[in-house]
Amino acid sequence: MQKVILHVGHAKTGTSYLQSLFALNTEFLGRHGIHYPEAPDHAQARKGKITSGNHKLLLNSEINFGGLDQVLFSGEHLFGELLNGAIVRKLRESHDVKVLLYTRNLFDFALSDWGQQVKRHGLTGDLNSFVATKGYNLYQNVIKWIDLCEEVGAEIVVRNYTQWKSNLADIFFGDLIGHDVDLGALNNPPQRQVNRSLTQTEYELQRIFNALMVNRAPVSFQIMLSITFLSSD
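Residues numbered from 1 in each chain as written. Predicted model: local features only at pLDDT ≥ 70, side-chain atom pairs only at ≥ 80, totals over all residues. Heavy atoms only, no water.

Let's talk about the overall build of the chain
Part 1 of the reasoning: Along its length, the chain carries 13 helices and five strands.
Part 2 of the reasoning: Residue burial in the chain is summarised as follows: out of 233 residues, 46% are buried.
Part 3 of the reasoning: Of all intrachain contacts in the chain linking residues separated by at least 6 positions in sequence, the fraction that spans at least 24 positions is 73%.
Part 4 of the reasoning: As displayed, the chain offers around 12,000 Å² of accessible surface, 51% of which is attributable to carbon and sulfur atoms. (Helix = DSSP H or I, 4+ residues; strand = E, 2+ residues; numbered from the N terminus. Buried < 20%, exposed > 50% of the residue type's maximum accessible area, 1.4 Å probe, protein only. Contact = heavy atoms within 4.5 Å. Areas by Shrake-Rupley, 256 points an atom, 1.4 Å probe, with all protein chains shown as cover.)

Written out as structure tokens, the structure is:
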């Protein structure tokens with residue numbers, strides 16, 4: 001029976017970095033019997049850019065095994081979008097299913113979530129105010145995933161990204177292929193941190209720029225500094 005492997009995130013657990021690795025190493029995966037279907041943003045993923053994986057192919061029922069025994073779908077949106085169980089149950093009728101799920105220490109996640117909103121979505125509020133208004137249900141949903149996989153007879157591997165982020169590729173590919181596989185041949189993205197967190201000083205500068213750019217598209221402080229220096233010449 002063919003196997004569907006679901007890398008479901010969740011958010012802020014290195015998914016963009018891993019998706020860059022998948023896109024850069026489709027031949028390596030293929031040699032180990034795993035097909036990673038091509039998605040429109042794979043060219044960006046190979047450059048080490050922030051991407052969303054190939055999860056839309058699964059949600060659109062465009063399953064293509066590419067002649068191999070296993071197919072890998074990756075996307076942090078799957079963490080929530082598959083949780084009602086309908087698609088997983090349907091897949092399980094005709095395929096083996098393996099779920100790779102990463103979670104993260106809650107405060108570590110909250111800090112990263114706030115930083116992402118500041119960096120990419122123009123948030124001007126401070127961390128305390130942000131956390132006070134958020135209702136996180138990450139761990140409840142992790143438990144729901146475990147229960148769902150038990151119900152349908154799917155394999156699930158749960159890892160704590162906070163614990164394993166320093167050697168994420170080794171741990172993930174070990175769970176994906178086997179921990180006795182030599183990963184020295186992997187092609188790596190141009191930068192180790194595809195979606196780098198800012199320093200505290202950088203976040204404060206970004207919040208200031210966000211406040212100055214009200215009713216305009218968010219502009220990173222790196223771009224703003226470049227504009228400032230060019231204007232002063």
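Next comes the rest of the description.
Topic: the environment of Cys149
Part 1 of the reasoning: Note that Cys149 resides in helix H9 (residues 138-152).
Part 2 of the reasoning: C-alpha separation for the pair Cys149 and Lys98, spaced 51 residues apart in sequence, amounts to 8.6 Å.

Let's talk about the pattern of salt bridges
Pairing between side chains of opposite charge can happen when the charged atoms of each approach one another.
Part 1 of the reasoning: Tallied over the full model, the rule gives nine salt bridges.
Part 2 of the reasoning: Ionic pairing is found between Glu38 and Arg46, a salt bridge with its closest N-O pair at 3.0 Å.
Part 3 of the reasoning: Judged by relative accessible area, which is 47%, Glu38 ranks as partly exposed.
Part 4 of the reasoning: Across the salt bridge formed by Asp175 and Arg159, the nearest N and O atoms sit 2.9 Å from each other. In this pair, Asp175 sits in helix H11 (residues 168-176) while Arg159 sits in strand S5 (residues 155-160), placing the two residues 16 residues apart along the sequence. When sorted by exposure, Asp175 lands in the same class as Arg159, which is buried. (Salt bridge = Lys/Arg side-chain N within 4 Å of Asp/Glu carboxyl O.)

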